[in-house]
2 protein chains.
Amino acid sequence: MSTQTVALDIMGGDFGPSETVPAAVQALSLLPQLKLILVGDQHQTSSLLQQHGLLNHSRVRFVHASQVVGMGDNPIIALRTLKDSSMRIALDLVKSGDADACVSAGNTGALMAMAKCVLKALPGIDRPALIKALPTLNGQRTVMLDLGANVNCDAKELLQFAVMGSVVAQTVEGVTAPRVALLNVGAEDNRGNKLVRHSADLLRQCQALNFVGFIEGDHLFSGECDVIVCDGFVGNVALKTAEGVVRMMAALAGYPRKKRSFLGFIAEIMFKRRFLYLNPDQYNGASLLGLRGIVVKSHGRAERRALYNAILLAAQEAKHQLPLQIADRLEAVFSDRDR
Amino acid sequence: MSTQTVALDIMGGDFGPSETVPAAVQALSLLPQLKLILVGDQHQTSSLLQQHGLLNHSRVRFVHASQVVGMGDNPIIALRTLKDSSMRIALDLVKSGDADACVSAGNTGALMAMAKCVLKALPGIDRPALIKALPTLNGQRTVMLDLGANVNCDAKELLQFAVMGSVVAQTVEGVTAPRVALLNVGAEDNRGNKLVRHSADLLRQCQALNFVGFIEGDHLFSGECDVIVCDGFVGNVALKTAEGVVRMMAALAGYPRKKRSFLGFIAEIMFKRRFLYLNPDQYNGASLLGLRGIVVKSHGRAERRALYNAILLAAQEAKHQLPLQIADRLEAVFSDRDR
């Protein structure tokens, strides 16, 4: 049985060790092939680690980090000055080969800046992209990228995103010939802004992709395609809008305590059970694709269960050696185009 | 009591006269100050109009149109060849002053092309924008623009959108000093793409606006601002994403008939009552702002109740003489900048 070693930044996220440590315990118990390298401040966390039985765990190693990246820190300054931070050391462990992947719930901008600097982009990739698997109405999952790593994109980058997304859909999600769609304001060929129309031309010409055309915002969760490609500005707004609506409806479903009736209580429980799979926590974990190593970003607000999902995702990507698969596919696409 | 005359394209939309005519009946009954000019094919609709008592109604006039714009028609071809269509005649009636506003549920692209050609843009407006009022968690409404009229925008256009949106929030929604926000991928000043950052500079400099900074996708319905400004590509994707999630959750709340239990039935009713105000039908009707006349676009799938809301919106905008108010405000903004 192959094992996967994941470096976990236990200081990251809004809740820090109080959530990351229990998430580590859950991951170790549910994933027998997982080894963890916990990276954090020894003084702050040792009693918590002991309490959770992680200090002498056979599949756990601890690495001390004297610094922590703050959620509000400037990414560029963090990159320059926080070289002994838990986030940076987790990335260094991937670079050195000690870990197969790393997970952090810390400052997104800092993680992206450090990851690009430490791990470097794969050949053929101009800029790494954030990707996430979304649940769909038919019970499948659709991967979507970019979700905010690049807010100014050109068509060539969207083509690279399409290739990377296809590899994820194929290897991690197990889809044969993933259907790739471009997010647009209409489904007809003549719709869209300059970027989308130019990108559609490139995607159509790429033999290695199964490009199925445009998809609109109200079809994101329909399951009619396997990969949704967009620039990071649009992707970030769309994903946050969807998550915002789900959270708002979940909040509205919770009846005010004082007015709670029996039927209201039943309705609330039925509502929550029914929409559980749409809960953003269920699909926590966005991967930064296009690097020479695996980096999974958990939501900053993530609690233990959501953090567990991010660790699981990192382990899956490590098992499938995702960066190698992406590099191979990119090489095939570009040699095909150069022929 | 002032009256408002609205020209209604009764042929438009996925359902045509079978929904537009009952919507007209409802509007006449609920809005005593409303007069309607129904524009459509006499042969196709006369029996339906008679059946609904509209042929000799004191507040109804009928205008025959020999052509209809199809939902799939090319806007430019429709503009050139369908000059006797119900959509075009409704716009002509606004231009001639016979109607104070018009409403159509027909082909969006054709309506925008015809409206721009017939009614012309106000001085100071480069391109008209689609605006809509969204419901918020605190029971207020937030207007958002552009929702798809312009998929390639520059910062100057976003400034014009901000001014127009402020006028709508003030006059139609009754907000004093409306808070204007730019839709972005983060709330911090250094976030966003080139367009958003440049637009933020312009909005900050504009004394006539109450610019409150950036807003993210998950805060669209929070009620923390009164006007949300974005380019038409992003706005269209965000709005459709939100509507798609609401419709998906409403569909999921409907239990399959065969498995319906008593409690499931109660939960479904409570769910639907609770989320009724989020139903896109409740806020049907997007206005094409920045023209020398009032044009309200109803959703193509709208049924009578949703169509009624679009007619109501057109009447409200007519009552407030929205184009005049926008022209005045634009003049003030530009004279202020030129000083």
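All figures in this text were calculated on a predicted structure; none of them were measured in a lab. (Residues numbered from 1 in each chain as written. Chains lettered and ligands numbered in written order. Predicted model: local features only at pLDDT ≥ 70, side-chain atom pairs only at ≥ 80, totals over all residues. Heavy atoms only, no water.)

(A) Just the overall build of chain A, in detail. When helices and strands are tallied, chain A shows eleven helices and eleven strands. A sequence separation of at least 24 residues applies to 72% of the contacts in chain A between residues at least 6 apart. For chain A, the exposed surface amounts to about 13900 Å²; the carbon and sulfur share of it is 49%. (Helix = DSSP H or I, 4+ residues; strand = E, 2+ residues; numbered from the N terminus. Contact = heavy atoms within 4.5 Å. Areas by Shrake-Rupley, 256 points an atom, 1.4 Å probe, with all protein chains shown as cover.)

(B) Region of the structure containing the sheet that holds strand E3 (residues 60–64) of chain A. Residue and element names in this part refer to chain A. Across the sheet, which stays open at both edges, the eleven strands sit in the order E3-E2-E1-E4-E11-E10-E5-E6-E9-E7-E8 with mixed pairing between neighbours. Both outer strands of the open sheet, E3 and strand E8 (210–215), are each paired with one neighbouring strand and no more. Recorded for the sheet is a direction-independent mean angle of 25 degrees between the axes of neighbouring strands. With three bridges connecting them, strand E5 (residues 129–135) and strand E10 (residues 286–289) associate as antiparallel partners. (Pairing = 2+ DSSP bridges. Axes fitted to C-alpha atoms, helices over the stretch in contact; angles between N-to-C directions.)

(C) Structural view of the side chain of Thr20 of chain A. Residue and element names in this part refer to chain A. Structurally, Thr20 is set in helix H1 (residues 17–30). Overall, the relative accessible area of 2% leaves Thr20 in the buried class. The contacts of Thr20, once residues within four sequence positions are left out, are Leu8, Asp9, Ile10, Gly12 and Leu307. (Buried < 20%, exposed > 50% of the residue type's maximum accessible area, 1.4 Å probe, protein only.)

(D) Spotlight on the packing of H1 of chain A against helix H2 (residues 42–51) of chain A. All names here are of chain A. The interhelical angle for the contact between H1 and H2, taken along N-to-C directions, is 40 degrees, at an axis separation of 11 Å. Judged on the interaxial angle alone, H2 and H1 are oblique. The two elements H1 and H2 cross, and the hand of that crossing is right-handed. Note on element contacts: H2 touches H1 through Thr45, Leu48 and Leu49, opposite Pro17, Ser18 and Val21. Taken together, the residues of the contact of H1 with H2 break down into four nonpolar, two polar and no charged. (Parallel < 35°, antiparallel > 145°, perpendicular 65-115°, else oblique. Left-handed = near helix turned anticlockwise from the far one by under 90°. Nonpolar A, V, L, I, M, F, W, Y, C, P; charged D, E, K, R; others polar.)

(E) A look at the side chain of Asn193 of chain A. Tracing the backbone shows Asn193 of chain A in the loop between strand E7 (179–183) and helix H7 (194–205). Judged by its relative accessible area of 10%, Asn193 of chain A is buried. Leaving out residues up to four positions away in the same chain, Asn193 of chain A has contacts with Asn184 of chain A together with Val151, Asn152 and Phe233 of chain B.

(F) Structural view of the pairing of strand E6 (residues 141–145) of chain A. Residues and elements named next belong to chain A. Within E6, four of the five residues are buried, which leaves the element mostly enclosed by the surrounding structure. As judged from the five bridges shared by E5 and E6, these two strands associate in the antiparallel manner. By the bridge assignment, Lys132 is partnered in E6 with Met144. As judged from the three bridges shared by E6 and strand E9 (residues 227–229), these two strands associate in the parallel manner. Paired with Val143 across the bridge in E9 is Val227.

(G) Fine view of unusual backbone geometry. Residue and element names in this part refer to chain A. Of note, the bond from Leu145 into Asp146 is cis; its omega dihedral lies within 30 degrees of zero at 0 degrees. In this fold, Asp146 is placed in the loop between E6 and helix H6 (155–171). The phi torsion at Ala177 lies on the positive side, around 45 degrees, for a residue other than glycine. Relative accessible area serves as the criterion here: at 46%, Ala177 is assigned to the partly exposed category.

(H) The arrangement of the environment of Gly12 of chain B in detail. All names here are of chain B. Within the secondary structure, Gly12 is located in the loop between strand E1 (4–9) and helix H1 (17–30). Classification of Gly12 as buried rests on a relative accessible area of 7%. Separated by 93 residues in the primary sequence, Gly12 and Ala105 have C-alpha atoms spaced 4.8 Å apart. Non-local contacts of Gly12, meaning those with residues more than four positions away in its chain, are made with Thr20, Ala105 and Gly106.

(I) Representation of the sheet that holds strand E2 (residues 34–40) of chain B in the model. Residue and element names in this part refer to chain B. The eleven strands lie next to each other as E3-E2-E1-E4-E11-E10-E5-E6-E9-E7-E8, forming an open sheet whose pairing is mixed. Edge positions in the sheet fall to strand E3 (60–64) and strand E8 (210–215), since each has one partner strand and no second. Direction aside, neighbouring strands of the sheet carry axes that sit 25 degrees apart on average. Bridge count for strand E7 (residues 179–183) against E8 is five bridges, and the pairing is parallel. Its bridge partner being in E8, Val180 is matched across the sheet by Phe211.

(J) Seen up close, the environment of Val245 of chain B. Positionally, Val245 of chain B belongs in helix H8 (residues 232–253). We classify Val245 of chain B as buried; its relative accessible area is 1%. What Val245 of chain B contacts, discounting residues up to four positions off in sequence, is Phe221, Ala242, Val245 and Val246 of chain A.

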